[in-house]
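Geometric and topological summary
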Amino acid sequence: ACGREEGQGGGENVSALSPLADIPAAQEPEGSGGIPADQGEDGSSDGIPVGQGESGSFGGIPAGQGEPEGSGGIPVGQGESGSSGGIPAGQGESGDFADIPAGQGEDGGSGGIPNGQEAARGETSGETGENGAVGSGNGNGSGTPRPTSVSKLRNLPEGFVYLDEAIPGALFEIRYATEYNFVGAVIDGYNAPLAIMAEPAAKALKAVNEELEQSGYVLLIYDAYRPAKAVAHFKRWAQQPEVPEEQAMKDVFYPDVDKSQLFKLGYIASKSGHSRGSTVDLTLADRETGIPADMGSPFDFLGDISSHGTKKITAEQTANRELLKKAMVKHGFKPYNKEWWHYTLKDEPYPQKYFDFDVE
Ligand SMILES: C[C@@H](N)C(=O)N[C@H](C)C(=O)O
Ligand SMILES: [Zn+2]
């Protein structure tokens, strides 16, 4: 897993494959570095990787632009994403589409951090049903990939796409659709372990994946588009006092910080770039095994060690972070200094809009 555990996967190959360009991390917090809760910024998540088998075409995506952020647990193979025909009547409406005007945003939540669980190669549950069911793992932190049937409603707002269709070969572990995240519950608005982004961001991310494949890696995506209602859920949770039942998840994701400080410290954003559809939480995984590269801290570990430039990690872990960063920056994404997994497309198509349709 990508946590603090020993890095599997990436290690040795990395130095040979990555020129470690010194790309400075973006200063501007999408998160809320030093910004009081409620003033919004970006956030991200961690989840269950899903191996995306055959994905559909990437039709209709405008020339690339882009940015990124993920979920905890078990990578899930997204088998064949079949056609979307056959959606039962009455299921078609995807969630609310209440766009939140810029400046009103709710606080962003923070993606759960995967505890070094092995990223199981997408257990493709595969067979896509008539309504596009795909297999996906449930990020319950058990370490055991369990196929789940997911039906895509396929009526996303115009301009948005499912990443399993847009980025063949990527893996997914949508933590906020599971209980394996810092909140310890499925997050509001995540009705299925799916990743959605605005088309330009998806196109740019596809290019990143293609480039990394040359080095033996694929992208493992923990979170992408995040509904505003999910950010509101994070905020409500952070405002409640910590209780003993939360200790297990606290130990994994925010052991050194009181949860009431997570927004203020920039680890979760009140107005998250994720809700604008062009931010993604992700890591590198071995192309053959699906095992996440060792990044020195797990996804959604909310602490200093997750910052770009930290001295607390090994040269190999730094190299892994740099390999990901170099590829992301090359294709138009900007990093977030406090979280090595969080990236946002610079030329995002909806810079002022905070969407609230459900992930389903
Ligand atoms: C919570 C974490 N995964 C994340 O995305 N943090 C940034 C700052 C956000 O909430 O936008
Ligand atoms: Zn993020």
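Coordinates for the structure precede this section.
Predicted model, so just to flag it, every value in this text is computed and none were measured. (Residues numbered from 1 in each chain as written. Chains lettered and ligands numbered in written order. Predicted model: local features only at pLDDT ≥ 70, side-chain atom pairs only at ≥ 80, totals over all residues. Heavy atoms only, no water.)

A closer look at the packing of helix α3 (residues 199-213) against helix α6 (residues 315-330)
- For the pair α3 and α6, interaxial distance at closest approach is 9 Å and the crossing angle is 135 degrees. Relative to α6, α3 is oriented oblique. For the pair α3 and α6, the sense of crossing is right-handed. Residues L205, V208, E211 and L212 of α3 form the contact with α6, whose participating residues are L323, L324, A327, M328 and K330.
- Among the residues making up the contact of α3 with α6, the classes are represented as seven nonpolar, no polar and two charged. (Axes fitted to C-alpha atoms, helices over the stretch in contact; angles between N-to-C directions. Helix = DSSP H or I, 4+ residues; strand = E, 2+ residues; numbered from the N terminus. Parallel < 35°, antiparallel > 145°, perpendicular 65-115°, else oblique. Left-handed = near helix turned anticlockwise from the far one by under 90°. Contact = heavy atoms within 4.5 Å. Nonpolar A, V, L, I, M, F, W, Y, C, P; charged D, E, K, R; others polar.)

Considering the environment of F299
- Following the sequence through the fold, F299 ends up in the loop between β10 (279-286) and α6.
- Expressed as a C-alpha distance, the spacing of F299 and Y222, which sit 77 residues apart in the sequence, is 8.0 Å.

Details of the pattern of salt bridges
- Tallied over the full model, the rule gives 13 salt bridges.
- With a shortest N-O distance of 3.0 Å, E211 and K330 are connected by a salt bridge. Taken together, the residues span a long stretch of sequence, with E211 in helix α3 and K330 in helix α6 at a distance of 119 residues.
- Judged by its relative accessible area of 58%, K330 falls in the exposed class.
- One salt bridge connects E322 with K325, and the closest N-O pair in it is separated by 3.4 Å. A residue pair is termed a helical-turn pair when its members lie 3 or 4 positions apart in one helix, as E322 and K325 do in helix α6 at three residues.
- The exposure class assigned to K325 is buried, which follows from its relative accessible area of 3%.
- One network of salt bridges, with partners in common, ties together D223, R226 and D281. (Salt bridge = Lys/Arg side-chain N within 4 Å of Asp/Glu carboxyl O. Buried < 20%, exposed > 50% of the residue type's maximum accessible area, 1.4 Å probe, protein only.)

Notes on the pairing of strand β11 (residues 333-336)
- Taking every second residue as pointing to the same face, both faces of β11 are buried, with F333 and P335 on one and K334 and Y336 on the other.
- Bridge count for β11 against strand β12 (residues 339-345) is four bridges, and the pairing is antiparallel. Counted as the bridge partner of F333 is L345 from β12.
- Linking two consecutive strands that pair antiparallel, namely β11 and β12, is a turn of two residues. (Pairing = 2+ DSSP bridges.)

Side note on the environment of Q247
- Looking at the element boundaries, Q247 is found in helix α5 (residues 247-253).
- For Q247, a relative accessible area of 39% puts it in the partly exposed group.
- Residues Q247 and G184 lie 63 residues apart in sequence; the distance between their C-alpha atoms is 9.9 Å.

Notes on the environment of L324
- When you line up the elements, L324 lands in helix α6.
- Accessibility expressed as a relative area gives 0% for L324, which makes it buried.
- For the pair formed by L324 and T283, sequence separation is 41 residues and the distance between their alpha carbons is 7.1 Å.
- The contacts of L324, once residues within four sequence positions are left out, are L212, L219, L282, T283, L284, M295, W340 and Y343.

Quick word on α6
- Relative to the 22 Å expected for 16 residues at 1.5 Å per residue, α6 spans 22 Å between its end C-alpha atoms, a close match to the ideal helical length.
- Along α6, the positions that sit buried rather than exposed are Q317, A319, N320, R321, E322, L323, L324, K325, A327 and M328.
- Just downstream of α6, G332 is the residue with a positive phi angle, here 100 degrees. (Expected span 1.5 Å × (residues − 1).)

Regarding unusual backbone geometry
- With phi around 65 degrees, D300 is a residue other than glycine that occupies positive phi space.
- Its location among the elements puts D300 in the loop between β10 and α6.

Quick notes on the pairing of β12
- The buried fraction of β12 amounts to seven of the seven residues, a majority that puts the element mostly inside the structure.
- Direction of pairing for β10 relative to β12: antiparallel, over a ladder of three bridges. Counted as the bridge partner of V280 is Y343 from β12.

Thoughts on the packing of aromatic side chains
- Scanning the model with the defined rule gives 17 aromatic pairs in all.
- Considering the side-chain rings of Y176 and Y190, the 5.8 Å spacing of their centres and the 75 degrees angle between planes classify their relative orientation as edge-to-face. Taken together, the residues Y176 in the loop between β7 (171-172) and β8 (196-198) and Y190 in the loop between β7 and β8 connect sequence positions 14 residues apart. As far as burial versus exposure is concerned, Y176 and Y190 are alike and both buried.
- Centroid distance Y222 to F299: 4.1 Å. Interplanar angle 10 degrees. Geometry classified as stacked. With a gap of 77 residues between them, Y222 in strand β9 (residues 217-223) and F299 in the loop between β10 and α6 connect regions that are remote in the sequence.
- What makes Y222 buried here is its relative accessible area of 0%.
- In this structure F299 comes out as buried when scored by relative accessible area, which is 0%.
- Taken together, the aromatic side chains of Y176, F182, Y190, F234, W237 and Y254 make up a single cluster linked through ring pairs. (Phe/Tyr/Trp six-rings, centres within 6.5 Å; stacked < 30°, edge-to-face > 60°.)

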